[in-house]
Amino acid sequence: MSAYKNTLAFAQEKDQNDPLRKWRDDFFIPDFHEKPVVYFTGNSLGLQPKRTQQYIQQELNDWAKWGVEGHFDAKNPWFSYHELLTEKAAKIVGATNKEVVITHSLTTNLHLLMVSFYKPEGKRFKILCEGKAFPSDQYALQSQAKFHGYNIDEAIVEIFPREGEHLLRHEDIIAKINEIGDELAIVMIGGMNYYTGQLLDMKSITEAGHKVGAKVGFDLAHAAGNVELSLHDWGVDFAAWCSYKYLNSSPGGVSGLFVHEKHVTNDEIIRFAGWWGHDKESRFKMEPEFQPIQSAESWQLSNAPVLGMAAHMASLDIFDEVGMTAISKKREDLTAYLEFVIEEVSKGAENANFEIITPSNPKERGSQLSILAHGQGKDLFDAMTKEGVVADWREPNVIRVAPVPLYNSYEDVYRFGEILKTSIR
């Protein structure tokens, strides 16, 4: 970090030498504020690619021209539209094409996957998740346990950071898996924690879960499009992610779903079935018995929401052109620069101490840094908002910021630091 400088000239020089700098012009930077916006909340909603309108307009035009015939005669036939997204999405999460499908919404997909992989029997009925998981995950797990007739306090085991710490220790996760042992039915945990930005060792967690006979799955809402993933090689049983954060694919955009290759051809796995998961060759024969597609597509229910998928394809095409390796390289450097700037501001502050609770190891985090603002309250966040910073406040005093490599600049980071400095109460 000593190579960094908290100066405008340094930030502008970094931007000038940034191989990804041209991609910023491919996104709409919000202009609702009287001052230039520093948009650091791509971990909540990614910015709109400028090509998105064109992609959606193509489908609107074909709908107008073809009506129902667009399912087969549109430029991008709607019958198979979701297939246009598969390969690009699979690259992002490190999967084979048959292991991935884009469909539904995130929590819907988690429920559908748990129907298949949470199969409590006898004393093996427990679910392991992180303490204070994102509420939607908590609700999904609780309702699954209740659906199977279990008391949630007995069925759901939460693992928390140690007293006085903010992060989960990897050895504690593995120890808890081993402790539950043959009572553990499923591990369902956030691959990257939404609050702290901590990236978990999913490979080791998967191995530990399998050793005790459990299935292992991850919510990748904050990981997909943010960090490099290898779901297939890690042997993960299932995963789901949204597309509207780092994947920039519209508010509430469609979700991604992963099922490992070893499971997709197993017709005995229970699914909540729908006709879009039925064998494509015989789908329109309207047969009464479900015949699953031999891929993750068999977890689909209804036909594709094409307009939402068009928005997703616009972003996936950018990811395919840039590549996760290049994105990750800039992400590490841009996030490290932000870390440096925050620490420099903290050193010079008389009545504030900014503690970054996100891991300092680049291999254990993505773009997000969570700042614990000691000595400050929401007044600090509100003052920064008035100066054009778009970030995220979490009670009691955490500010989450995420410099996204595709559209954020080093100058954004410098400006954030200056606004942080002048906003201290």
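About the thresholds
- Residues numbered from 1 in each chain as written.
- Predicted model: local features only at pLDDT ≥ 70, side-chain atom pairs only at ≥ 80, totals over all residues.
- Heavy atoms only, no water.
- UniProt positions renumbered as here; feature names shortened; annotations may be inferred.
- Axes fitted to C-alpha atoms, helices over the stretch in contact; angles between N-to-C directions.
- Helix = DSSP H or I, 4+ residues; strand = E, 2+ residues; numbered from the N terminus.
- Parallel < 35°, antiparallel > 145°, perpendicular 65-115°, else oblique.
- Contact = heavy atoms within 4.5 Å.
- Nonpolar A, V, L, I, M, F, W, Y, C, P; charged D, E, K, R; others polar.
- 1 Å grid on protein atoms, 1.4 Å probe; cavity = no way out; pocket = protein on both sides within 12 Å on 5 of 7 lines; lining within 4 Å.
- Points joined across faces, edges and corners; volume = space filled by probe spheres on them.
- Domains from an automatic or database assignment.
- Salt bridge = Lys/Arg side-chain N within 4 Å of Asp/Glu carboxyl O.
- Buried < 20%, exposed > 50% of the residue type's maximum accessible area, 1.4 Å probe, protein only.
- Core = buried A, V, L, I, M, F, W, Y, C linked by side-chain atoms within 4.5 Å.
- Left-handed = near helix turned anticlockwise from the far one by under 90°.
- Phe/Tyr/Trp six-rings, centres within 6.5 Å; stacked < 30°, edge-to-face > 60°.

Looking at an unreviewed UniProt entry, one finds the protein named Kynureninase and attributed to Brumimicrobium aurantiacum. In UniProt, the protein has this text filed under Sequence similarities (unreviewed entry): "Belongs to the kynureninase family." In its Cofactor (unreviewed entry) section, the UniProt record describing the protein reads: "pyridoxal 5'-phosphate".

A. Quick look at the packing of helix 1 (residues 8–16) against helix 15 (residues 410–423). Running from amino to carboxyl end, helix 1 crosses helix 15 at an angle of 160°, the nearest separation of the two axes being 7 Å. Relative to helix 15, the element helix 1 lies roughly antiparallel. Contacts between helix 1 and helix 15 involve L8, A11, Q12, K14 and D15 from the former and Y410, E411 and Y414 from the latter. Across the contact of helix 1 with helix 15, the residue classes tally to four nonpolar, one polar and three charged.

B. Representation of empty space enclosed by the protein in the model. Under the counting rule described, the total for this entry stands at three cavities of 30 Å³ or more. Its volume calculated, the largest cavity comes out at about 60 Å³. The wall of the largest cavity is formed by G225, N226, Y246, F319, I327, R331, S367, V404, P405 and L406. Across the lining of the largest cavity, the residue classes tally to six nonpolar, three polar and one charged. Lining the lining of the largest cavity are residues from two domains, each supplying at least three of them: domain 1 (8–49 + 323–423) and domain 2 (80–322). The computed volume of the second largest cavity comes to approximately 40 Å³. Around the second largest cavity sit E130, L168, I189, G190, N193, Q198 and L200, which together line it. Here the lining of the second largest cavity is built from residues that sort into three nonpolar, three polar and one charged.

C. Main features of the pattern of salt bridges. Here the structure, examined in full by the defined rule, presents 26 salt bridges. A salt bridge links E183 to K126; the shortest N-O distance between them is 2.8 Å. Placement of the pair is E183 in the loop between helix 8 (170–180) and strand 5 (184–190) and K126 in strand 3 (residues 126–130), with a sequence separation of 57 residues. Accessibility expressed as a relative area gives 18% for K126, which makes it buried.

D. Seen up close, the nonpolar core. Formed by 70 residues in total, the largest nonpolar core has its most connected members in V93, I177, I205, L220, L231, W241 and L406. For this core, the element with the most residues is helix 12 (residues 306–322), which contributes nine residues. When residues are assigned to domains, this core turns out to be shared by domain 1 (8–49 + 323–423) and domain 2 (80–322), each giving three or more. With residues near it in sequence (within four places) discarded, I205 still touches H170, I173, I174, I177, V187, L200, V216 and F218.

E. Representation of the environment of I152 in the model. Here I152 lies in helix 7 (residues 152–155). For I152, a relative accessible area of 23% corresponds to the partly exposed category. Along the sequence, I152 and Q142 sit ten residues apart, while their C-alpha atoms lie 5.9 Å from each other. If sequence neighbours within four positions are ignored, I152 has contacts with Q142, A145 and K146.

F. How the structure looks around the environment of L307. Of note, L307 is situated in helix 12. Look at L307 and you get partly exposed, because its relative accessible area is 37%. Sequence separation between L307 and Y55 is 252 residues, and the spatial gap between their C-alpha atoms is 8.6 Å. Not counting residues up to four positions away in its chain, the partners in contact with L307 are I56, E59 and L60.

G. Representation of the UniProt feature "binding site: pyridoxal 5'-phosphate" (unreviewed entry) in the protein within the structure. Mapped onto this structure's residue numbering, the UniProt feature "binding site: pyridoxal 5'-phosphate" (unreviewed entry) falls at L106, T107, F134, P135, S136, D137, D219, H222, Y244, W275 and N303. A stretch of 198 residues holds the annotated residues, and the largest C-alpha distance among them is 30.9 Å, long enough that they do not meet in one place. Tracing the sequence through the fold places H222 in the loop between strand 6 (215–219) and helix 10 (231–234). Judged by its relative accessible area of 8%, H222 is buried. In contact with H222, not counting residues within four places along its chain, are N43, M192, Y194, K245, Y246, Q368 and R400.

H. Structural view of the packing of helix 4 (residues 83–93) against helix 12. At a minimum axis distance of 10 Å, the contact between helix 4 and helix 12 shows a crossing angle of 50°. When the interaxial angle is binned, helix 4 and helix 12 end up oblique. Two packed elements cross with a definite hand, and for helix 4 against helix 12 that hand is left-handed. Contacts from L84, L85, K88, A89, K91 and I92 of helix 4 reach helix 12 at M309, H312, M313, L316, D317, F319 and D320. Counted by class, the contact of helix 4 with helix 12 contains eight nonpolar, one polar and four charged residues.

I. Here's a closer look at the packing of aromatic side chains. Within this structure, the stated rule accounts for 19 aromatic pairs. A ring pair is formed by Y4 and F340, whose centres lie 5.8 Å apart and whose planes are at 50°; its orientation type is tilted. Of the two residues, Y4 is situated in the segment before helix 1 and F340 in helix 13 (residues 324–348); the sequence distance between them amounts to 336 residues. Residue class for Y4 comes out buried when judged on its relative accessible area of 13%. Given the relative accessible area of 10%, F340 is considered buried. Judged by centre distance (5.8 Å) and plane angle (35°), the rings of F79 and F284 are tilted. Of this pair, F79 sits in the loop between helix 3 (70–73) and helix 4 while F284 sits in the loop between helix 11 (261–264) and helix 12, placing them 205 residues apart in sequence.

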